[in-house]
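The chain contents come next:
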Amino acid sequence: MSIDFHSKKNKDSYTTREADFLWKETIKGCIGHKELATAVDIGCGGGIYSKALSDIGAMNVIGIDFSKAILEGAKKNCQNYDNISFKFGTALESGLSDESCELVLERALIHHLDTLSSAFKESYRILNRNGYFIIQDRTPEDCFLSGTEEHIRGYFFDLFPRLKIIENKRRFHSEEVFNSLYEAGFKNVQEIKIWETRNIYKEKVFLLDDLQRRTGRSILHELSDRELSRLVEHINKSIPSSHNLIEKDRWSIYIAQK
């Protein structure tokens, strides 16, 4: 069964990591020295990347999510950041004023949308002129790279091909993202690929435990508990190393300007 984002038992599911240093450096490189009075994190989840936006220089960060339960976890996760606030909203209706921010981030969000047009137009509306719209998600090509010691997710689809069908249906190809951005009015659209470190595990047992608890991995909620145990055992046998595992995910990042 798919993850219930509105359940209080899942409110901390997306608070258990820190954004990768490479991610922060990549985003800083994309926006240059642009001053960020306000950055908006739409689909903020547990606030991991709201904190990252603050860390790279945003003076004020607004995290928006459609789950009140998830927002509870985000507020707790960001309680030491005085410049981060959260509000209930969606990618289609952020509740923010026209031209009220310099940057909008939508990370791991668009695969939850049926179409891109309305969400992109909403981001265009709330951005200042020359503001940056940054989208991060996986294309089908990103998802279906083979499983390795670093690319753990590849093993998910090796063992359960039906997950590949689910993933393929909800992922947008780069061409679709580009076309929708231009149709919404954005300019200077570019795409970069990034291998983002998801986590570092001193011992393999910690990785297996993370998988068993499905922490922050919505696709694994499509598996039954029995199937999940099979997957954990499959990955345990497939990875020879027992120490210092660096798990990475391949992402596509799109940068556009208003």
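What comes next is a walk through the structure. (Residues numbered from 1 in each chain as written. Predicted model: local features only at pLDDT ≥ 70, side-chain atom pairs only at ≥ 80, totals over all residues. Heavy atoms only, no water.)

What follows deals with the overall build of the protein. In terms of regular secondary structure, the protein is built from 10 helices and 7 strands. For 258 residues, the compact-globule estimate of 2.2 N^0.38 gives 18 Å, and the C-alpha radius of gyration of the protein, at 18 Å, lies within 12% of that figure. Each of the three principal axes of the protein carries a C-alpha extent, and together these read 50 × 40 × 30 Å. When each of the 258 residues of the protein is scored for burial, the buried share is 55%. (Helix = DSSP H or I, 4+ residues; strand = E, 2+ residues; numbered from the N terminus. Rg over C-alpha atoms; globule rule 2.2 N^0.38 Å. Buried < 20%, exposed > 50% of the residue type's maximum accessible area, 1.4 Å probe, protein only.)

Turning our eyes to something else, we now look at the pattern of salt bridges. According to the stated counting rule, one finds 21 salt bridges in the structure shown. The residue aspartate 142 makes a salt bridge to lysine 193 at a minimum N-O spacing of 3.2 Å. Note that aspartate 142 is positioned in helix α5 (residues 140-143) and lysine 193 in strand β6 (residues 187-203), a separation of 51 residues in sequence. (Salt bridge = Lys/Arg side-chain N within 4 Å of Asp/Glu carboxyl O.)

We now examine helix α2 (residues 48-55). α2 sits mainly inside the fold: 7 of its 8 residues count as buried. Remark: glycine 57 follows α2 within two positions and exhibits a positive phi of approximately 120°.

Let us now look at the pairing of strand β4 (residues 101-107). Across the 7 residues of β4, 7 count as buried, placing the element largely inside the fold. Alignment of strand β1 (residues 39-42) against β4, held across 3 bridges, turns out to be parallel. By the bridge assignment, valine 40 is partnered in β4 with valine 104. Where β4 and strand β5 (residues 127-137) come together, 6 bridges link them in parallel fashion. When the sheet's bridge partners are listed, leucine 105 is paired in β5 with isoleucine 134. As a crossover connection, the stretch from β4 through helix α4 (residues 117-126) into β5 is right-handed. (Pairing = 2+ DSSP bridges. Right-handed = clockwise from strand over helix to strand, strands pointing away.)

Considering all chains together, one arrives at 0 disulfides under this definition. Not part of a disulfide, cysteine 44 finds its nearest cysteine sulfur in cysteine 78, a span of 7.9 Å. Considering cysteine sulfurs only, cysteine 44 is the nearest to cysteine 101, which forms no disulfide, with 14 Å between them. (Disulfide = S-S within 2.5 Å.)

A word on the packing of aromatic side chains. On inspection of all chains with the given rule, the structure shows 7 aromatic pairs. For the pair tyrosine 124 and phenylalanine 186, a centre-to-centre distance of 5.1 Å together with 85° between the ring planes defines the contact as edge-to-face. Residue tyrosine 124 is found in helix α4, and its partner phenylalanine 186 is found in the loop between α8 (174-184) and β6; the two are separated by 62 residues along the sequence. By relative accessible area, which is 3% here, phenylalanine 186 ends up buried. Consider the rings of phenylalanine 178 and tyrosine 254, whose centres lie 6.0 Å apart with planes at 85°: the pair is edge-to-face. With phenylalanine 178 in helix α8 and tyrosine 254 in strand β7 (residues 243-257), the pair connects residues that are 76 residues apart, well separated along the chain. Exposure remark for tyrosine 254: the relative accessible area of 2% places this residue in the buried category. (Phe/Tyr/Trp six-rings, centres within 6.5 Å; stacked < 30°, edge-to-face > 60°.)

Moving on, we come to the environment of lysine 237. With respect to the helices, strands and loops of the structure, lysine 237 is situated in helix α10 (residues 225-238). Considering only alpha carbons, one finds lysine 237 and threonine 115, 122 residues apart in sequence, at a separation of 39 Å.

Here we come to the nonpolar core. Formed by 28 residues in total, the largest nonpolar core has its most connected members in Trp23, Tyr49, Leu53, Phe86, Leu103, Leu105 and Ile134. Every element with two or more residues in this core is listed here: α1 (21-31), α2, α3 (68-77), β3 (84-88), β4, β5 and β7. Apart from residues no more than four positions distant in its own chain, leucine 53 is found in contact with Trp23, Ala39, Asp41, Ala58, Val61, Leu103 and Leu105. (Core = buried A, V, L, I, M, F, W, Y, C linked by side-chain atoms within 4.5 Å. Contact = heavy atoms within 4.5 Å.)

The geometry of helix α9 (residues 204-212) relative to α10 is characterised by a closest axis approach of 9 Å and an angle of 160° between their N-to-C directions. Our classification of the angle between α9 and α10 gives roughly antiparallel. Helix-helix and strand crossings are classified by hand; for α9 and α10 the assignment is right-handed. Where α9 abuts α10, its residues Lys204, Leu208, Leu211 and Gln212 lie against Leu228, Ser229, Val232, Ile235 and Asn236. Considering only residue class, the contact of α9 with α10 consists of 5 nonpolar, 3 polar and 1 charged. (Axes fitted to C-alpha atoms, helices over the stretch in contact; angles between N-to-C directions. Parallel < 35°, antiparallel > 145°, perpendicular 65-115°, else oblique. Left-handed = near helix turned anticlockwise from the far one by under 90°. Nonpolar A, V, L, I, M, F, W, Y, C, P; charged D, E, K, R; others polar.)

Turning to the environment of phenylalanine 144, a few remarks are in order. Along the chain, phenylalanine 144 falls in the loop between α5 and α6 (154-159). Between the alpha carbons of phenylalanine 144 and asparagine 168 there is a distance of 9.1 Å; along the sequence they are 24 residues apart. Ignoring sequence-local partners within four residues, the contact set of phenylalanine 144 consists of Phe157, Lys164, Glu167 and Asn168.

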